[in-house]
Amino acid sequence: DAGITQSPRHKVTETGTPVTLRCHQTENHRYMYWYRQDPGHGLRLIHYSYGVKDTDKGEVSDGYSVSRSKTEDFLLTLESATSSQTSVYFCAISESGRRSMNTEAFFGQGTRLTVV
Amino acid sequence: GQQLNQSPQSMFIQEGEDVSMNCTSSSIFNTWLWYKQDPGEGPVLLIALYKAGELTSNGRLTAQFGITRKDSFLNISASIPSDVGIYFCAGLDTSGTYKYIFGTGTRLKVLA
């Protein structure tokens with residue numbers, strides 16, 4: 001299994017509070033991604049990173065921010081949580097790019113976030 | 001946002017039957033991936049496809065990269081109860097930086 005750890009695994013928080021989810025990898029992969037999974041929508045990309053301090057928005061980035069200060073950690077922050085952000089959040093890593101012929105993405109176990 | 005059309009959305013099959021599902025896109029992809037997700041877990045990679053027309057097997061699973069590069073197919077032969085789960089296709093978008101675009105999933109239920 002790829003070395004990806006998400007924390008926490010479960011969290012319940014109140015509307016309006018800030019929340020930070022952490023993704024930690026031990027694979028030294030260049031790319032890291034945050035997805036959310038909701039019934040009927042599959043996996044939707046929130047933000048991704050293509051290197052330390054290099055991040056970009058995905059298709060559902062409103063209300064979320066990210067930071068990557070070192071290769072192994074990618075943080076997802078909900079500045080002011082809303083009920084619509086109740087979801088399961090997955091982190092993924094990949095070594096896609098010119099440095100590698102392998103373009104598979106590997107996923108963490110997920111974080112179940114409930115905003116009440 | 002960009003998303004892949006995956007069908008069927010769900011299916012019930014009898015144990016021992018073969019299963020087919022597919023994924024289509026309006027965009028061309030250079031890599032197609034198929035994942036399986038069990039309840040409470042993250043998606044796990046089943047098969048990766050890198051070339052148009054490529055046919056790749058992994059045990060009872062066979063996947064094909066469509067010749068137009070806009071579709072992919074996954075077949076499961078002789079299904080067993082542990083095949084239950086959600087199957088996702090994904091295309092790798094390399095038009096800018098590398099992003100994985102996922103289908104909405106096919107939920108498979110196997111009746112013993």
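This write-up is about the structure you can find in this document. (Residues numbered from 1 in each chain as written. Chains lettered and ligands numbered in written order. Predicted model: local features only at pLDDT ≥ 70, side-chain atom pairs only at ≥ 80, totals over all residues. Heavy atoms only, no water.)

A few points about the overall build of chain A
Next up, step 1: Along the backbone of chain A there are zero helices and eleven strands.
Next up, step 2: When the helices and strands of chain A are read in sequence order from the N terminus, they spell out β-β-β-β-β-β-β-β-β-β-β.
Next up, step 3: Taking 13 Å as the expected radius of gyration for a compact globule of 116 residues, we find that chain A reaches 14 Å, a close match to that expectation.
Next up, step 4: With 116 residues in all, chain A has 52% of them scored as buried.
Next up, step 5: Within chain A, contacts between residues at least 6 apart in sequence are counted, and of these 55% link residues at least 24 apart.
Next up, step 6: Carbon and sulfur atoms make up 47% of the accessible area of chain A, which amounts to about 5500 Å² in all.
Next up, step 7: The centroid of the 13 positive side-chain charges in chain A is displaced by 2 Å from the centroid of its 13 negative side-chain charges. (Helix = DSSP H or I, 4+ residues; strand = E, 2+ residues; numbered from the N terminus. Rg over C-alpha atoms; globule rule 2.2 N^0.38 Å. Buried < 20%, exposed > 50% of the residue type's maximum accessible area, 1.4 Å probe, protein only. Contact = heavy atoms within 4.5 Å. Areas by Shrake-Rupley, 256 points an atom, 1.4 Å probe, with all protein chains shown as cover. Lys, Arg positive; Asp, Glu negative; His and termini not counted. Charge placed at Lys NZ, Arg CZ, Asp CG, Glu CD.)

Quick word on the environment of Asn75 of chain B
Residues and elements named next belong to chain B.
Next up, step 1: Mapped onto the elements of the fold, Asn75 is located in strand β8 (residues 71-76).
Next up, step 2: Taking relative accessible area as the criterion, Asn75 reaches 32% and is therefore assigned partly exposed.
Next up, step 3: Along the chain, Asn75 and Asp18 lie 57 residues apart, while their C-alpha atoms are 7.2 Å from each other.
Next up, step 4: The contacts of Asn75, once residues within four sequence positions are left out, are Val19, Ser20, Arg60, Leu61 and Thr62.

Quick word on the pairing of strand β2 (residues 10-14) of chain B
All names here are of chain B.
Next up, step 1: The alternating pattern of β2 places Met11 and Ile13 on a buried face and Ser10, Phe12 and Gln14 on a face that is not buried.
Next up, step 2: In this structure, β2 lies alongside strand β11 (residues 106-111), joined through five bridges in parallel fashion. From the neighbouring strand, Met11 faces β11, where its bridge partner is Leu108. (Pairing = 2+ DSSP bridges.)

A short note on the interface of chain A and chain B
Next up, step 1: Listed as interface residues are 28 residues of chain A and, on the opposing side, 23 residues of chain B.
Next up, step 2: Summing both sides of the interface, chain A and chain B together bury roughly 2000 Å²; the carbon and sulfur share of this comes to 53%.
Next up, step 3: Summed over the three residues of chain A that lose the most area to chain B, namely Leu43, Thr103 and Phe107 of chain A, the buried surface amounts to 24% of that side.
Next up, step 4: In this assembly, chain A and chain B are joined by seven residue pairs in polar contact (both at pLDDT 80 or more).
Next up, step 5: For the side of chain A that touches chain B, the secondary structure elements donating two or more residues are β4 (31-38), β5 (42-51), β9 (87-94) and β10 (105-107) of chain A. (Buried area = accessible area lost by both parts, 1.4 Å probe. Polar contact = N/O pair within 3.5 Å; in protein donor to acceptor, adjacent residues only side chain to side chain.)

Section: the environment of Ser94 of chain A
Next up, step 1: Summarising the element assignment, Ser94 of chain A is placed in strand β9.
Next up, step 2: On a C-alpha basis, the gap between Ser94 of chain A and Gly108 of chain A in space is 12 Å, while along the polypeptide they are 14 residues apart.
Next up, step 3: Apart from the residues within four sequence positions on either side, Ser94 of chain A is in contact with His29, Arg30, Tyr31, Tyr33, Thr103, Glu104 and Ala105 of chain A together with Tyr100 of chain B.
Next up, step 4: There is a polar contact of 3.4 Å between the side chain of Ser94 of chain A and the backbone oxygen of Glu104 of chain A.

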